[in-house]
Each structure stands twice: as C-alpha cells, then as structure tokens.
Amino acid sequence: MNSAVSSGSHCARSEMLRRQTREEDSMVLIDMASPEAGNDCSYGSTAQASEADKQQVVPSRVGSYAKPPIDFVLVWEEDLSRNQENPTQDKADTHEVWRETFLENLRMAGLNIDQRDVQDEATAVHYILLNAPWAVLCYYAEDLRLKLPLQELPNQASNWSATLLEWLGIPNILLEEVPDTPPECYSCHFKASKLQWFLGSDNQDTFFTSTKRHQILFEILAKTRYGHKKKGLFGIDQLLAEGVFNAAFPLHDGPFSATPESSQVLGLTQRQVLFQHWARWGKWSKYQPLDHVRKYFGEKVALYFAWLGFYTGWLLPAAVVGTVVFLVGCFLVFSDVPTQELCDSSDGFDMCPLCSDCSFWLLSSACTLAQAGRLFDHGGTVFFSLFMALWAVLLLEYWKRKNATLAYRWDCSDYEDIEERPRPQFAATAPMTALNPITGEDEPYFPEKCRVRRMLAGSVVLLMMVAVVIMCLVSIILYRAVMAVIVSKSDNTFLSAWAPRIASFTGSVVNLVFILILSKAYVVLAQVLTRWEMHRTQTAFEDAFTLKVFIFQFVNFYASPVYIAFFKGRFVGYPGNYHTLFGVRNEECPAGGCLIELAQELLVIMVGKQVINNVQEVLVPKLKGCWQKLYSRRKKAGMGTHPARWEADYELLPCEGLFHEYLEMVLQFGFVTIFVAACPLAPLFALLNNWVEIRLDARKFVCEYRRPVAERAQDIGIWFHILAGLTHLAVISNAFLLAFSSDFLPRAYYRWTCAADLRGFLNFTLAHAPPTFTAEHNRTCRYRAFRDEEGHYSPTYWTLLAIRLAFVIVFEHVVFSIGRFLDLLVPDVPESVEIKVKREYYLAKQALAENEALLGATGVKDDQSPSSEPSLGPPT
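Residues numbered from 1 in each chain as written. Predicted model: local features only at pLDDT ≥ 70, side-chain atom pairs only at ≥ 80, totals over all residues. Heavy atoms only, no water.

Caption draft 1: Expanded view of the state of the cysteines. Using the criterion set out here, one finds 2 disulfides in the structure. Bridging Cys343 to Cys367, the disulfide has an S-S length of 1.9 Å. On the sign convention where negative means left-handed, the S-S torsion of about 90° between Cys343 and Cys367 marks this disulfide as right-handed. Of this pair, Cys343 sits in helix H12 (residues 337–343) while Cys367 sits in helix H13 (residues 367–374); the two residues are 24 residues apart in sequence, bridging distant segments of the chain. Two residues share a disulfide in this structure: Cys352 and Cys781, whose sulfurs sit 1.9 Å from each other. One quick way to see it: the torsion about the S-S bond of Cys352 and Cys781 is about 85°, and its sign makes the bridge right-handed. You can see Cys352 sitting in the loop between strand S7 (350–351) and strand S8 (361–362) and its partner Cys781 sitting in the loop between helix H28 (771–777) and strand S16 (782–784), a full 429 residues away along the chain. In this structure, Cys352 and Cys781 share a single accessibility class: buried. (Disulfide = S-S within 2.5 Å. Helix = DSSP H or I, 4+ residues; strand = E, 2+ residues; numbered from the N terminus. Buried < 20%, exposed > 50% of the residue type's maximum accessible area, 1.4 Å probe, protein only.)

Caption draft 2: Fine view of the side chain of His95. With respect to the helices and strands, His95 occurs in helix H3 (residues 89–108). Classification of His95 by relative accessible area gives buried; the value is 10%.

Caption draft 3: Main features of the packing of helix H25 (residues 718–741) against helix H29 (residues 795–825). The contact between H25 and H29 brings their axes to 9 Å, and the two run at 150°. By the angle between their directions, the pair H25 and H29 is classed as roughly antiparallel. Remark: the crossing between H25 and H29 carries right-handed chirality. Within the contact between the two elements, H25 uses His728, Val731, Ile732, Ala735, Phe736, Leu738, Ala739 and Phe740 and H29 uses Leu801, Arg804, Leu805, Phe807, Val808, Phe811, Glu812, Val815 and Phe816. (Axes fitted to C-alpha atoms, helices over the stretch in contact; angles between N-to-C directions. Parallel < 35°, antiparallel > 145°, perpendicular 65-115°, else oblique. Left-handed = near helix turned anticlockwise from the far one by under 90°. Contact = heavy atoms within 4.5 Å.)

Caption draft 4: Up close: the environment of Val826. For Val826, the location among the structural elements is in the loop between H29 and helix H30 (831–858). A residue is classified by how much of its surface remains accessible, and Val826, at 7% relative accessible area, is buried. Placed 426 residues apart in sequence, Val826 and Lys400 show a C-alpha to C-alpha distance of 9.8 Å. For Val826, the residues in contact, after removing those within four places along its chain, are Glu397, Tyr398 and Arg401.

Caption draft 5: Expanded view of the environment of Pro133. Tracing the chain through its elements places Pro133 in the loop between strand S3 (123–131) and helix H4 (134–143). Along the chain, Pro133 and Asn112 lie 21 residues apart, while their C-alpha atoms are 7.2 Å from each other. When sequence neighbours within four positions are dropped, the list of residues in contact with Pro133 reads Gly110, Leu111 and Asn112.

Caption draft 6: Highlighting the sheet that holds strand S6 (residues 247–249). Strand order across the open sheet formed by 4 strands is S2-S3-S1-S6, with antiparallel pairing between neighbours. Each edge of the open sheet carries a strand with a single partner, namely strand S2 (112–119) and S6. For this sheet, the mean inter-axis angle between neighbouring strands, taken without regard to orientation, is 20°. Each of strand S1 (72–79) and S3 is contacted by helix H6 (residues 210–223), which is oriented at about 50° to S1, the strand it contacts most. (Pairing = 2+ DSSP bridges.)

Caption draft 7: The arrangement of the pattern of salt bridges in detail. The full count for this structure, using the stated rule, is 25 salt bridges. Between Lys223 and Glu219 there is a salt bridge, with the nearest N and O atoms lying 3.0 Å from each other. In this pair, Lys223 and Glu219 are both assigned in helix H6, 4 residues apart and thus about one turn of the helix distant. For the pair Lys223 and Glu219, a shared accessibility class is recorded, and that class is buried. Between Arg747 and Asp336 there is a salt bridge, with the nearest N and O atoms lying 2.8 Å from each other. Note that Arg747 is positioned in helix H26 (residues 744–753) and Asp336 in the loop between helix H11 (299–333) and H12, a separation of 411 residues in sequence. Of the two residues, Arg747 and Asp336, both sit in the buried class. Shared partners join several salt bridges into a network, and the residues in it are Arg294, Glu299 and Arg712. (Salt bridge = Lys/Arg side-chain N within 4 Å of Asp/Glu carboxyl O.)

Caption draft 8: Broad picture of the nonpolar core. Among the nonpolar cores identified, the biggest contains 120 residues, and Phe297, Phe305, Trp307, Tyr311, Trp391, Leu598 and Trp719 are the most heavily contacted of them. At 18 residues, the largest contribution of residues to this core is made by H11. Apart from residues lying up to four places away in sequence, Trp391 is in contact with Tyr311, Trp314, Leu315, Ala318, Phe669 and Thr673. Judged by nonpolar contacts, the second largest core, of 41 residues, contains Phe72, Leu137, Tyr226 and Val709. (Core = buried A, V, L, I, M, F, W, Y, C linked by side-chain atoms within 4.5 Å.)

Caption draft 9: Fine view of unusual backbone geometry. For Arg145, which is not glycine, the phi torsion reads 55° and is therefore positive. Along the chain, the position of Arg145 falls in the loop between H4 and strand S4 (147–153). A positive phi is found at Met534, a non-glycine position, where the angle reads about 60°. Take Met534: it is sitting in the loop between helix H19 (499–532) and helix H20 (538–566).

Caption draft 10: Here's a closer look at the side chain of His292. Position of His292 relative to the elements: it lies in helix H10 (residues 290–297). Residue classification places His292 among the buried residues on the basis of a relative accessible area of 8%. Of note is the side chain of His292, whose polar atom sits 2.8 Å from the backbone oxygen of Pro179. Discounting chain neighbours no more than four positions away, the residues touching His292 are Val178, Pro179, Asp180, Thr181, Pro182, Val273 and Leu274. (Polar contact = N/O pair within 3.5 Å; in protein donor to acceptor, adjacent residues only side chain to side chain.)

The following block contains the structure:
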C-alpha cells in the first residue's frame, strides 16, 4: 500500500548515534547569498538558495499549476521482521542515522522531498521522490555552467552513404523518418541575469529539460554530506556502496511501449520514439537516431553508439575482402603442390617421435591438418594484411572527422578543456584549493606529486596482476604439452593422430575460462586504485581506470595468441637434444604450421567471448528482471492498481555504464587487426556480432536499464588513443606473423632458387635426424627444421632469416609511410566545420568589441555590469 511518511520511535542507541553524528559534523552549509561565500563555487557543499535569489530568477510563469516533476528517486528497503536483538542492529541504526542526516541536508539544500511506502508483513520499500524548485535549478545551472539554448537552427544531420545514394539516384533503404527530431541550437552558459535571452524562459516548467534537471540533482546528491567530511561520509555513491540506499536513479519518460490510443491522443514520449525507431530488432537495417539518443541519454552514450555504428559500417568492406581471401584459400587447398605431396606421400616420410615415450609416425597422417593450414596460409593473406593495416588507419582518420562534426553539432567541442568541472567526490575530499588558470576560479586541488606517487604504486599492483596472467599462460602451455603426450599414447588411431589439435583446443577453452575469471577480479581492483589516485575530472578518472584495465586485459586476452604466433615451435631443439620447460618438452608446431593453431585460438577466444557476452546480455537481464519482478510482486499484491512510475523503474536493472561495452569492442578490434593474417574471417564474425550488439545495447538502455544520468563528452576518450596504439601494433604484428609464422617466404625463396612449381618443397623443409639419434633407435626419421645432419642450423636457415628480417622492415615502412600519407591527406576536421567554428569565433569577438564600446559610452565599469558577458547575449 502507498502511505505518507511514517515515523516510529527509535531506541536509545539510535538516538546516541544521531547526537554523536550531529556533534561531529555541524553541517555548516554555505549560504549562497552570504558575503562569506562571495561569487565562488561551493565545491563539496550544498546550500539553500536565499529568498533574494528566488525573487531574482523567477520569470513570469506559464502553467504554474502544473504538477512538479519528479527529478530523482532514492529507494531503500526495510526488513520489518528484524529482531531488535539482532547482531546487525548496530549497523542498521547507523544506516538510519546516516539516511536521516542525508535527507535533512537535502532539504536544507532546497530540495522538495516526498516519500511513498509500499509494504507487506515482512518488508517495506521506501521511495524518496526528489524535486528541485526553480530557484535551486537556476542557482546550480549557473554554478555548474550548464549550456542552454539561445536560438534554434535547422538540423544539419547528414550521412555520407545517404548523400552518395541520393547523388546516384538509388533509393536508400537505410533511411527512416523519425518523429520529433531535436533541433540544433546556439547555446551558452546559463546566467540568471540573462534569463530572458534563453529559449523557453517564459515557462519554468519546461525551461530545464529532464536531462538538465537530472544533472543538477545528481550534483547535489554527490556532494551532500551525511557525516564528517574527513571520514569520507558524503555523496550518494558512498551511501549506495554502504547499503544505506538500495538505488538512486532518475525516472524514464513513462513506459517504452505505447498503446495506439495514447499515442494518437498524447503522442509518443522520447523513450517510446527510441523504442519504436531504434531498439527494436526490426530496425537493424536503419540509421541510428543519434540526435534522439543524445537528447534522452546525453552526449556520452550517443557518442558510444555513433562510434559503434561507424565501426560496424567500416567492417563491411573488411568482411567482404576477408571472405574472398578465405574462399581463395579453399580453392588452393586442392591445387597446392606441397599439400598434395604430403597427402600422397604414404610412408615416404617417417617422422621423429613427438615425445620421449611416443612412437614414430607418418607425415601423411597429418594430411587433414595440412589442408586446413592452407585455408589461411597462402599469398592472399599478405594482401589482406596490407589491406587491413590501411583500413585501420583510414577508419581512425574518418572517425576523427565524424567525431569533430558531432562535437560541433552537439556543442561539446571544448567541454574537457574549459567546461568540465571537478568530480564531486574529488571536490569533497581534496585537501586544498588552487586557482584554475583557464577559468580564473578557485577549485579543489590535489598535489600532482602525491598523485604521481599513488599512480606508481598502482602500477606495481598492475605488474603483479600481469605476472599472475603469465603464470596462468605457463600453466596452459604445460597443460597442452602433457595432454598431447597422454592423448598420443592412445590406442585409437584418430585420437593419436589428432593429439596436438585436441590438446590445443582444450587448452584454448581452459585459457578462455582463466581470462574471464581474472577479468572480473581485476576490474574491481582497478576501481579501488583509480579512486585512490584522486583524479580531478570525471574524464581523467575514466581515462586512468580504462588504461589500467585495458593493459591488464590486453595481456590477459592476447598472451596466448602471442605465444602461439611468435614463440611456439621456436625453441624445440632437435632429435637427441630437445629443449624442455620444467622437465616437459617444448611444444612444436603441427604439420599444418602454427598459423592454423593461431586461427583456432583466435576463433575460440574472440567468437567464444562474443557468444558468451551476447548470451549474458540477453539472458542475464531477463533473469534479473524476472527475479526483481517476482521479488516485488508480493509487495504490490492486493493493491489493485498499476505500479507507479518509480516502482516500475525500480524493477529495472541498474545501468552499468559504457566501460564494458567499449572494452568488448576494442578487444574485438585488436583481434580483427593484430592477428588478421592468421584469420581472414575475423572481420566477418565481428560484423555479424556488431549488428546484434547495436540492438542489444539499444534495447538494454531503453527497455531494461534504469535511466542513467545524462553526461557530456566531446569524444570517446582514451579509447581512441588505445585504438591508435593497436593499429600501429597490428602493422608490426602482421609483419612478423607473415615473416616467421607463415610459409609464404620459404615458398617464395624455394620458387626463386629451386622449382617454380614448388615440387620437392616438402622435402626441402624437412631435416634428417642426427646420426647419434638414428643409431640409438636403429631407425632414421625426419623433422621440420632447416638444420644439417649434426643438428646445426644450415645456410638456408640464415638466408631465410635475413629475408624475413628484411621483409619485416620493408613491410612496416611501406605501411607506415602510406598510413602517414593518408593521415596528411585526410584532415581531422571537415572544412565545413572549420568554417563554422571560425565564423562563430569572429562573431564572438565582434560582439565583445561592441559590448565594450557600449560600456565605455555609458560609463559603466565592466565588473559592475551584469551585461558584461557578450557571449550570453542573443547571437548576431
């Protein structure tokens, strides 16, 4: 049932805690109108707007009888069956004191608070509905330097494919008209003294959009104290972590699905528009309505979906070329002379044992493996590696242009440099203040030397976790070696022949399990370390956290493929003198080469991770949602009415942010580029996954997640620099992969020096066992290496080594030179955007000169005139 606030008697212990908390923290709030506060920003504090402030900012109100909106919801659950003698009673009483102190301080900050309760015999769910009055909104909008619209402009959204199809006269099946397209606007920082210049200032009910109201409320919640500041007792995030509140979220704009009757009478809400034209599976072939996403979720979420859509579109040509290269390999399997020689050799090549207790084996038994290796190891992979390297360079260059266009249209080009303010958690705990050289304001400050020391300490922890990953990799290597020996001793001919492949595949699966477990553990550790480092802004905090996690995840995900690509089979030795690791003989590449094993490893890790993630994103939210609804159903039993909006949104899942979404895509980008020479089908699998991923993520944000607080951003952050680093690493990786792991260069050398048709190449790559090994076993055998009869490297080996190193140098220099040329050829910012930015800069300088001339003519001092900021006037 719903009821008003009910107050009960508290035990003496609770009263003692409340008095102690109030004595420790007298909550001296900064009065916005007081002389002591001056004009500085009240970092780490909350305050109530004075009556003078309220009178100053109230305009002629239209719709003054409208019901005040609910800007934010706080929720906590209470166990009514709790025993007073319960050992956890002290903790519950402390939480109750913190909660009451926090809510009281919110009232003192000027917020309107309403409480609704839903309870049954055992539990009660308390909903705190928060609303910010007009005076509070105006004060914090000016304090936070929020940008609000001055003048509407025609929407300038464009898409290169739509422009091309229109120019060619081809119908565009990707284009769809989406209702209520948000207009573009000139905007500037809000000033209460310039209220009349802003659009919609005559109606205070709609002047601040829902996203702006959410940002203001979250800022207040993040700074409000509930105990002593030095003990870190402040902010809603800490209260959620302590379990004082179960949830804190802004409300969605009603249900995501609309009935025909309501949509005809009232129209579609923003959430319903996004569901109808974006989050439905049937819209997979349509452009994303990015302006609508930005309006409802903010620039940070919109930029993620813009990048994901851009990256997915660029995967299409890569997938087509990769599929063609793979099909070429399929045709070459049956016409390749060395492969035919291997399969037709019968008992012509008696191979040396794979372990000390293993028997001799025939090379012809590995016919299937050799044919599978030719699917990926042929001349087409060289072309595809070059293509993908240039593809990655162009992808990033054109994304910079796309990002610059979106940042200009969404008015966030200078957000990080000028507009972004200190994080509330940083502002409340920083030990001192210092002058910001850009804004000229006093801001919280943390000494850079202290931050560097903390970052170095965090780096040590990171290195320790990387060492754990290396230990897991070594254990996987030993597992594969031991498993290969065990399976090769089987009486089953099939198992014995496929022993290396079975060991490799099961090792890949075990490695994937290790990867997923270690990933979860380190993400939690990285969050703790990044908070301890005291980064000033949210962007800096997220960049530091992202870099920590990505370095670890890079080693975690790529350690095994790097080992297979560049180390496996390089330190084997020769018959009679095999090298060992912890007493176990080192692994060697199978008959088909290590490239086929690398392709298998990539498919298991990349595709396996994608399948697991997609299953989690589909099933886990459904299961959690069903459990949440089942858990709350008994609380609503007997009510006979539909749940209120806050109750319906509380049943949704908390939004987990964009970090894991970015991480998944960036790791995928690494698989697509770094090891593409071994698996030309990787772009195809990535494309298919991303088509599903876009709609999965859209559906999560619209239908399954509570509404996140809208955040501003001007780009995708440090993720772009990570992508650029992966692009450079991919060039070097593919150069070494083609030179040392592929048969491309040995075949080319044999074709130049011996036989153009490659007849006899198989015998060319096999060495004879040393005489000592032959005498010991009374049998001769062959093994893959370029060695003489004594086991020493032959002149052919050194010649090929020189050719391979020369190929690496030439390949990377050619690719880097072409990439640099393309970088210079494609400007980072489109010319049209540059012209618009210069035009606005010129108009701003002109307005400033005119304003100063006007002030000089009237004799008004600049610092005494509320009109001394020309950027806040109407656009010229």
